[in-house]
Amino acid sequence: MLFGCKRVTLNASRFLNLSSFPCLHHMIGSFSHTLSIVTTTNTDDVEMHTNGTRFLIFMRYLCRSGQVKNFDEALDLFQRMGRMKPFPSVKDFTLLLGVIVRLRHYTAAISLVKHMYSSLGIEPDTITLNIVINCLCRLKLISFGFSVLGTMFKLGLEPTVMTLTTLINGFCVQGDVSQAVVLADHMEKMGYPLDVYTYGVLVNGLCKTGDTLVAVRWLRKMEERNWKPNVVVYSSVMDGLCKDGLVYEALNLFSEMNGKGVLPNLVTYTCLIQGLCNFGRWKEVGCLLDEMTKMGMMPDLQTLNILVDSFCKEGKVMQAKSVIGFMIIMGEVPDVFTYNSLIHVYCLQNQMNKAMRVFNFMVSGGCLPDIVVFTSLIHGWCKNKNINKAMYLLEEMGKMGFVPDVVTWTTLIGGFCEAGRPLAAKELFFNMHKHGQVPNIQTCSVMVDGLCKGNFLSEAVALVEAMEKSNLDLNIVIYTILLDGICSAGKLNAAWELFSSLPAKGLQINIYTYTIMIKGFCKQGLLDKAEDLLMNMEENGCLPNNCTYNVFVQGLLTKKEIARSIKYLTIMRDNGFSVDAATTKMIINYLSTNKGDSEIQEFLFPKR
DNA sequence: GTAGGGTTAG
């Protein structure tokens, strides 16, 4: 096919006038290696001319029926269209561009628009530029999206509601929903009324950033304005509710949607199924699966992957495997998500041989691993204390062209800590920026935890102080980790000082923070202080949980405070909390050395 | 011909 052809490398930055933005320039530059348009210099022009109409009809059919499954096929169609004389209309090109966007080849789509303009002389119209804006937004380059909006004006093209909705979505994709809302307000004032899509974009953006309740308000707002929310808006909100653990509310909204005559689709069911899976509500999952199949919908690969992953997360590997079996019977091919769920559970169970077997199986079956799979395996080998294997995989993924991201580095840092090498972890922490990755708050938390557990408390404190000085937004988690370190080192005064300073930092003390502080007091035998804090929790609306009570009872038992232990064991029993293994062991130990103690005997084995 | 919803890792 390449015979008699010349390769033309595309450069989108020329069209978009982005040369002043090195990051995009670099990105598109590196992409050019893979994207070269092949144009003919001879052969089948005549044939194409005569068959042109038939070819275009065929091309439209392929695009509309979703039969263009990969980028190479789409590119081939594009090349054929570029060889036609006269060129097909801009409409035909945008139809194909839409397919390329759906295949998520955003950079390529931008390059192709540029090629259409500079090499083929096809002027872009509003719709073509909407596609370019969407691609830039998907690449989280919204400011370039606005540059294209400027280009649109310069060309005398009027943006549409769709253009602006795409930009609103761009803000949402970047996680900047407040800006999205501002733009939506602005849009209305400019005489562009929001439509169902705009509302859908906003509602989804809000759900994705965890503002589900605000999303619900928007849903109600659109109803007040006489817009009928459709299945996409409802499903977005249901997904948000499920992800917040509000499955009951999601199911209510599902009934409400049905009541209003809006039919659920596969995505709606998938959101609910996942919500129920997260709480192990398998029976209801089964009911929903039955219901959807009765409505003629079969679960697809994504839905089944959710089942596989949920079973894996519960450690039910057998069930996960049977879902995979069902998947294959259904004609679906397990993908990188499916395999990763299995690999991950084996890694967590320290069954690295099995994890590697799955990995080799997927690779030999032609399923390309991704950065997530490599990160899971690196985590597994680290847990297994086999740093060499972890480093080997890091190298392997590099050879395959994957650049470790912040999650990979965090995993590795945590892994080195778990393997008892906190100083090596620190080295990675301070050098990861050389590999183009900047630690985030979670990386910092893992590092602080590693330093604390590795008895480098002063370094952990210094790291947190350095983060405070650099105005990083530190959260309660990182302070709770540090508090645990300070308590474990027995420095109760310093711990209490830190604990007391947290509200002034604007942080909400949570159940973990309280429990760690209580444990710290218990460890020093300061039981009254621990008890005061336990009482204080309830007053502050943070109810103690299983772990809090067990920690306190263990403190009491250590000091042989039997009467008080029984008091709290009774509270636990009355409130449905269970005594954990460590507490049980202490009770048994106490009994075996204090056989004559009737108090605890009476509590454990009351006479009827 | 273009815009919105569902799956994995620390």
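- Named according to an unreviewed UniProt entry, chain A is Pentacotripeptide-repeat region of PRORP domain-containing protein originating from Phaseolus vulgaris.

**Comments concerning helix H16 (residues 282-294)**
So, point 1. Taking 1.5 Å of rise per residue, the 13 residues of H16 would be expected to cover 18 Å, and the 18 Å separating its terminal C-alpha atoms lies within 8% of that figure.
So, point 2. Those residues of H16 lying buried are Trp282, Val285, Leu288 and Met292. The arc that holds the buried residues of H16, viewed along the axis, is 115°, so those residues lie on one side. Exposed residues on H16 whose side chains face more than 90 degrees from its buried face are Lys283 and Lys294.

**So, the protein's contact with DNA strand B**
So, point 1. Residues in close proximity to DNA strand B total 61 residues, the closest being Thr94, Asn130, Arg138, Lys208 and Thr410.
So, point 2. Counting only the atoms of DNA strand B within 4 Å of the protein, the fraction contributed by sugar and phosphate is 39%.
So, point 3. The contact in question runs from a base oxygen of DNA strand B to an N or O atom on the side chain of Tyr197, over 3.2 Å.
So, point 4. Within the side chain of Asn340, an N or O atom sits 3.2 Å from a base oxygen of DNA strand B.
So, point 5. The element that contributes the greatest number of residues to the surface near DNA strand B is helix H13 (residues 231-243), accounting for seven residues.
So, point 6. Its residues placed into classes, the surface near DNA strand B shows 19 nonpolar, 29 polar and 13 charged.

**Re the packing of helix H7 (residues 126-138) against helix H9 (residues 161-173)**
So, point 1. For the pair H7 and H9, interaxial distance at closest approach is 9 Å and the crossing angle is 5°. When the axis of H7 is compared with that of H9, the two are roughly parallel. Mapping the contact onto sequence places Thr126, Asn130, Ile133, Asn134, Cys137 and Arg138 in H7 and Met162, Thr163, Thr166, Leu167, Asn169, Gly170 and Val173 in H9.
So, point 2. Looking at the contact of H7 with H9 residue by residue, the class counts come to five nonpolar, seven polar and one charged.

**Things to note about the nonpolar core**
So, point 1. Among the nonpolar cores identified, the biggest contains 190 residues, and Leu96, Ile343, Leu377, Leu412, Val448, Met517 and Ile518 are the most heavily contacted of them.
So, point 2. If one sorts the elements of this core by residue count, helix H27 (residues 476-488) sits on top with eight residues.
So, point 3. Aside from chain neighbours lying at most four places away, what touches Leu412 is Ile378, Cys382, Ala390, Met391, Leu394 and Leu428.

**Some words on the side chain of Ser565**
So, point 1. Mapped onto the elements of the fold, Ser565 is located in helix H32 (residues 562-574).
So, point 2. Using a relative accessible area of 0% as the deciding quantity, one classes Ser565 as buried.
So, point 3. With near-sequence residues (within four places) excluded, Ser565 lies in contact with Val553, Leu556 and Leu557.

**Observations concerning unusual backbone geometry**
So, point 1. The omega torsion of the bond from Lys85 to Pro86 falls at -5°, within 30 degrees of zero and hence cis.
So, point 2. Here Pro86 shows up in the loop between helix H4 (71-83) and helix H5 (90-102).
So, point 3. A positive phi angle is found at Arg104, which is not glycine, with a value near 65°.
So, point 4. For Arg104, the position within the fold is in the loop between H5 and helix H6 (106-118).

**A word on the environment of Met572**
So, point 1. Along the chain, Met572 turns up in helix H32.
So, point 2. For the pair formed by Met572 and Ser143, sequence separation is 429 residues and the distance between their alpha carbons is 56 Å.
So, point 3. With sequence-adjacent residues up to four places away left out, Met572 is seen in contact with Asn546, Tyr549, Asn550, Val553, Phe577, Ser578 and Val579.

**Observations regarding the side chain of Thr338**
So, point 1. Turning to its location among the elements, Thr338 is positioned in helix H19 (residues 336-348).
So, point 2. The contact partners of Thr338, leaving out residues within four places of it in the chain, are Leu301, Asn305, Val308, Ile324 and Met327.

**With respect to H7**
Owing to its 3.6 residues per turn, the α-helix aligns residues three or four sequence positions apart on the same side.
So, point 1. Between its first and last C-alpha atoms H7 spans 18 Å; for 13 residues at 1.5 Å apiece the expected length is 18 Å, and the two agree.
So, point 2. Burial within H7 is extensive, with eleven of its 13 residues counted as buried.
So, point 3. All buried positions along H7 are accounted for by Thr126, Thr128, Leu129, Asn130, Ile131, Val132, Ile133, Asn134, Cys135, Leu136 and Cys137.
So, point 4. Residue Lys140 follows H7 closely and has a positive phi angle near 60°.

**Some thoughts on the packing of H9 against helix H11 (residues 196-208)**
So, point 1. Following both chains from N to C, one finds H9 and H11 inclined at 0°, their axes separated by 9 Å at the closest point. Considered as vectors, H9 and H11 are oriented roughly parallel to each other. From H9, Val161, Thr165, Ile168, Asn169 and Cys172 reach across to H11, where they touch Tyr197, Thr198, Val201, Leu202 and Gly205.
So, point 2. Residue classes in the contact of H9 with H11 are distributed as six nonpolar, four polar and no charged.

**Considerations on the environment of Leu194**
So, point 1. Inspection of the secondary structure assignment puts Leu194 in the loop between helix H10 (177-189) and H11.
So, point 2. The exposure class of Leu194 is buried, given its relative accessible area of 4%.
So, point 3. Between the C-alpha atom of Leu194 and that of Phe552, which follows or precedes it by 358 residues, the distance is 56 Å.

**Description of the pattern of salt bridges**
So, point 1. Throughout the structure, instances matching the rule amount to 19 salt bridges.
So, point 2. Here Glu314 makes a salt bridge to Lys316, at a shortest N to O gap of 2.7 Å.
So, point 3. Its relative accessible area of 36% is what places Glu314 among the partly exposed residues.
So, point 4. A salt bridge links Lys505 to Glu468, with the shortest nitrogen-to-oxygen separation between them at 3.2 Å. Within this pair, whereas Lys505 is found in the loop between helix H28 (492-501) and helix H29 (511-523), its partner Glu468 is found in helix H26 (residues 457-469), the two being separated by 37 residues in sequence.
So, point 5. Under the relative-accessibility criterion, Lys505 is labelled partly exposed at 38%.
So, point 6. Residue Glu468 is classed as partly exposed on the basis of its relative accessible area of 30%.

Definitions and cut-offs
Residues numbered from 1 in each chain as written. Chains lettered and ligands numbered in written order. Predicted model: local features only at pLDDT ≥ 70, side-chain atom pairs only at ≥ 80, totals over all residues. Heavy atoms only, no water. Helix = DSSP H or I, 4+ residues; strand = E, 2+ residues; numbered from the N terminus. Expected span 1.5 Å × (residues − 1). Buried < 20%, exposed > 50% of the residue type's maximum accessible area, 1.4 Å probe, protein only. Arc of directions from axis to C-beta. Near = heavy atom within 4 Å. Polar contact = N/O pair within 3.5 Å; in protein donor to acceptor, adjacent residues only side chain to side chain. Nonpolar A, V, L, I, M, F, W, Y, C, P; charged D, E, K, R; others polar. Axes fitted to C-alpha atoms, helices over the stretch in contact; angles between N-to-C directions. Parallel < 35°, antiparallel > 145°, perpendicular 65-115°, else oblique. Contact = heavy atoms within 4.5 Å. Core = buried A, V, L, I, M, F, W, Y, C linked by side-chain atoms within 4.5 Å. Salt bridge = Lys/Arg side-chain N within 4 Å of Asp/Glu carboxyl O.

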